[in-house]
Amino acid sequence: MASFGWKRKIGEKVSKATSQQFEAEAADDKDLTDDDDANWVHAAKRRKEILLEDCVKKSKELKDEGANLAENRRYREALIKWDEALQLTPEDATLYEMKSQVLMSLHEMFPAVHAAEMAVQRNPRSWDAWQTLGRAQLGLGEIALAIRSFQVSLHIFPMNPEVWKEDLSWARKLLEQQKATKTESVQALAKGKELAQESIPDYDFESDEIVAVCAAIAEKEKALSAAKTVVIVSASGTVETVTEQDNCPATLDETLFIRAR
């Protein structure tokens, strides 16, 4: 009976030269594969760069078209162009800043503030974006926020006379007027409360005079309620008003008069 032994490895029958040739071919294939991968990655990057360049170019064209429309007061059409441009370059802060200006011209203050905030988020170093945000905030009556935005704009570009002499100066003047108006309102309200308190006399409802007056009024009401008033209309049309007491009723000829209470 033959005994079983260990099986030989498959590679033991392959000659050394064949093995070296196989390894060399495998290395060449690997190099070719690596070259193909590198070429593919490079081609993909290049295609992406070309696509981005095309998007930027198209976005600039749409931005310029919108600017021309806005200069001709065709604001709605300008907004459409800029929205299309933002689809291609959503990080363009200038587009949002331009949108905010046009929306303010259309008196749409909430969207204008939102667009200016988007511009500031995308480019916090843009002094004109902060200036536009401040103007939009003034349109909403947010004077304190507008002053802060103008101050940031000046911090970025201190030599801007427009922000310093016009925007910030006007906002501070409005803030002073607002404070003065609030002070006057508070003073008027306080004065009104004082007058209301002074107009109500402090009566002593338990004094003898008040008690006597109340007693007299009660007696008068009691006497009036005891008396009964009767309207007498005769057959000829004569009207007569007779007051009768409960203890002495009036005696009239029922055939001549019609009694109506």
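Now for a description of the structure that goes with this document. Note that the structure is a prediction, hence the values are computed from the model and not measured.

Moving on: the overall build of the protein. The helix and strand tally for the protein stands at 8 helices and 3 strands. Element order for the protein, N to C, with α for helix and β for strand: α-α-α-α-α-α-α-α-β-β-β. Counting the 261 residues in the protein, one finds 23% classified as buried. Counted over contacts in the protein with a minimum sequence separation of 6, partners at least 24 positions apart contribute 41%. A total of about 20,100 Å² of accessible surface is found on the protein, and carbon and sulfur atoms cover 57% of it.

To continue, consider helix α5 (residues 127–139). A rise of 1.5 Å per residue sets the reference length of α5, with its 13 residues, at 18 Å; its end C-alpha atoms lie 19 Å apart and thus fit the reference within 8%. Buried within α5 we find Ala129, Trp130, Gln131, Thr132, Leu133, Gly134, Ala136, Gln137 and Leu138. One or two residues past the end of α5 sits glycine 141, with phi positive at roughly 85°.

Our next topic: the packing of helix α4 (residues 109–122) against α5. Contact pair α4 / α5: the axes reach a minimum separation of 9 Å and the direction vectors enclose 155°. Taken together, the axis directions place α4 and α5 in an arrangement best described as roughly antiparallel. Crossing hand, α4 versus α5: left-handed. Packed against α4, whose contacting residues are Met109, Ala112, Val113, Ala116, Glu117, Ala119 and Val120, the element α5 presents Ala129, Trp130, Thr132, Leu133, Ala136, Gln137 and Gly139 at the interface.

Glancing now at the nonpolar core. Counting residues in hydrophobic clusters, the biggest one holds 27 residues, and the most contacted among them are Ala70, Trp82, Val102 and Leu133. Mapped onto this core, the elements with two or more residues apiece are α1 (16–71), α2 (75–88), α3 (93–105), α4 and α5. Broken down by element, this core gets its largest block of residues, 7 residues, from α4. In this structure, tryptophan 82 is in contact with Leu62, Lys63, Gly66, Ala67, Ala70, Leu95, Met98, Lys99 and Val102, ignoring residues within four places of it in sequence. If you look at the next biggest cluster of nonpolar residues, it comprises 9 residues, including Leu138, Ile143, Phe150 and Val163.

Rules used in this analysis
Residues numbered from 1 in each chain as written. Predicted model: local features only at pLDDT ≥ 70, side-chain atom pairs only at ≥ 80, totals over all residues. Heavy atoms only, no water. Helix = DSSP H or I, 4+ residues; strand = E, 2+ residues; numbered from the N terminus. Buried < 20%, exposed > 50% of the residue type's maximum accessible area, 1.4 Å probe, protein only. Contact = heavy atoms within 4.5 Å. Areas by Shrake-Rupley, 256 points an atom, 1.4 Å probe, with all protein chains shown as cover. Expected span 1.5 Å × (residues − 1). Axes fitted to C-alpha atoms, helices over the stretch in contact; angles between N-to-C directions. Parallel < 35°, antiparallel > 145°, perpendicular 65-115°, else oblique. Left-handed = near helix turned anticlockwise from the far one by under 90°. Core = buried A, V, L, I, M, F, W, Y, C linked by side-chain atoms within 4.5 Å.

Read these as geometric descriptors, not functional statements.
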